[in-house]
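# Notes for the structure review
Spelled out from the first residue to the last, the chains are:
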Amino acid sequence: MAESYAFYEGTFGQAIVLETCTDLVAHAHSESQIVFWLGGARAQANVGPEVVGYDENVGLATNAYQSHDMTRLDGTGPAVFLVFMISRKWLNELRQATGRPFVFPSSRIPIDADLRQACWRVLDLILSAREPRDGLNGLVEQLISATINATTRGPVVDPKRLLPPLLDHRLRSAITLMRKHVHDKIGLDAIAHQVGLSRAHFFTLFRDQLNTSPQVFWSAVRVEEAMRRLIVQGGSLTSVALDLGFSAPSNFSRFFKEHTGVSPSTFRRAAVGAIPATVTGLAA
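Residues numbered from 1 in each chain as written. Predicted model: local features only at pLDDT ≥ 70, side-chain atom pairs only at ≥ 80, totals over all residues. Heavy atoms only, no water.

## Looking at the sheet that holds strand β5 (residues 43-47)
The strands that make up a sheet are held in pairs by hydrogen bonds between backbone atoms, and each pair lies either parallel or antiparallel. Where we set the bar: For two strands to pair, DSSP has to find at least two bridges joining them. Helix and strand definitions here come from DSSP, where helices need a minimum of 4 consecutive H or I residues and strands a minimum of 2 consecutive E residues; each element is numbered from the N-terminal end. Angles run from 0 to 180 degrees between N-to-C directions of axes, and those axes are lines fitted to C-alpha atoms, restricted for helices to the stretch in contact.
An order of β3-β8-β5-β6 is seen for the four strands of this open sheet, with the pairing classed as antiparallel. With partners counted over all chains shown, the strands left at the sheet margins are β3 (24-27) and β6 (50-53), one partner each. Between one strand and the next, the sheet's axes are offset by a mean angle of 20°, whatever the strand orientation. Relative to strand β8 (residues 68-72), β5 runs antiparallel, the two sharing two bridges. Within β8, the residue paired with A43 across the bridge is R72.

This is how it looks when you write it as structure tokens:
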């Protein structure tokens, strides 16, 4: 099964080249995300009620913690994506400097010729063997800014949609508990009870304020912690799996791949600098 993962970190956040034969379950990220389809198997994403079909003219934008998935539509071959995980700090600085919004009002990115060319230039630099990759950080920042402009262009019915949500204090408390108990098998009902919410109200708050469910959010917290441990702590995959409450390393690997498209070992190799020289799903 093909699997490649190239990784570059800059002031904007992270740029990733992902080649995967694995469909992704409904998941979320703590960062806003931009995804461009580069080739291979056709794919689509469900973002709430919206269905986004990837192609040369359409990409995907999701806000922090917004639930989405990915399904390959044809064959069993890999799909190849260029992914940007955008730092909240960088987006806040961009908003303050420009007065422009940093919440995507639509999940659909219209891709013109300039954006397509920028994607391929970024891809070439990420996969380049040259160190440092001269100009990559600035080029990615320009691409992200152009994408934000493309998704926010035109009339907006409700300007409040372009503002980050002000979270209910009980929701903030629930998120704190999830992060605190990321290693434990505490149930969602217990968390809802601790913050003074019924199960129904608990789920409604997540849906209305974060566009996701408590289960998807908690999985995002666990994936985020797994990534941190794989990069920073350097322990074995077995120790990471057991520390995060998985009964077996195989269960952890399956969970991680269903949410990221790659195995924990592939992610670790790329994140510490062992980046593949080619992406096999791309035509020569």
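## Things to note about the packing of helix α7 (residues 214-233) against helix α9 (residues 249-260)
Convention followed: We call two directions roughly parallel when the angle between them is under 35 degrees, roughly antiparallel when it is over 145, roughly perpendicular when it lies between 65 and 115, and oblique otherwise. Contact criterion: two residues are considered in contact whenever any of their non-hydrogen atoms come within 4.5 Å of each other. When residue character is reported, Ala, Val, Leu, Ile, Met, Phe, Trp, Tyr, Cys and Pro are called nonpolar, Asp, Glu, Lys and Arg charged, and the others, Gly included, polar.
Packing of α7 against α9 brings their axes to within 11 Å, and their N-to-C directions diverge by 110°. In this view, α7 runs roughly perpendicular relative to α9, as classed from their interaxial angle. For the pair α7 and α9, contact is made by S219, R222, V223, A226, M227 and L230 and by F252, F255, F256, H259 and T260, respectively. Residue composition of the contact of α7 with α9, grouped by class: seven nonpolar, three polar and one charged.

## So, unusual backbone geometry
What counts, and what does not: Only protein chains enter the accessibility calculation, which uses a 1.4 Å probe; a residue whose area is less than 20% of its type maximum is buried, one above 50% is exposed, and one in between is partly exposed.
A positive phi angle, near 65°, is found at Y65, a position not held by glycine. Looking at the secondary structure, you find Y65 in the loop between β7 (58-62) and β8. You will see that N211, though not glycine, has its phi angle at about 55°, which is positive. Assessed through its relative accessible area of 45%, N211 is described here as partly exposed.

## A look at the packing of helix α1 (residues 88-98) against helix α3 (residues 136-152)
Just so we agree on the cut-off: Left-handed is the label given to a crossing in which the near helix is rotated counterclockwise from the far helix by less than a right angle, and right-handed is the label when the rotation is clockwise.
Interaxial distance between α1 and α3 falls to 13 Å at its minimum, and their mutual angle equals 65°. Crossing geometry of α1 relative to α3 is assigned as right-handed. Within the contact between the two elements, α1 uses W90, L91 and L94 and α3 uses E141, I144, S145 and I148.

## Here's the deal with the pattern of salt bridges
Under the convention used in this document: Each salt bridge in this description consists of a side-chain nitrogen of Lys or Arg and a carboxyl oxygen of Asp or Glu lying within 4 Å of one another.
Going through the model one piece at a time under the given rule, you end up with ten salt bridges. E225 is the salt-bridge partner of R229, the closest N and O atoms lying 2.9 Å from each other. Of the two residues, R229 and E225 both sit in helix α7, four residues apart, roughly one turn of that helix. For the pair formed by R229 and E225, the shared burial category is buried. Connected through salt bridges with shared partners, the residues E225, R228, R229 and D243 form a single ionic network.

## A look at helix α6 (residues 199-210)
To keep it simple, the criterion reads: Helix span, as expected, comes to 1.5 Å for every residue beyond the first. The directions from the helix axis to the C-beta atoms form the arc being described.
When the terminal C-alpha atoms of α6 are compared, their 16 Å separation across twelve residues agrees well with the 16 Å that a helix rising 1.5 Å per residue should span. For α6, the complete set of buried residues consists of F202, L205, F206 and L210. Down the axis of α6, the buried set is contained in an arc of 95°. They therefore lie on one face. Residues of α6 that are buried make contact with α4 (169-180), α5 (188-194) and α7. Looking one or two residues beyond α6, the residue adopting positive phi is N211, at roughly 55°.

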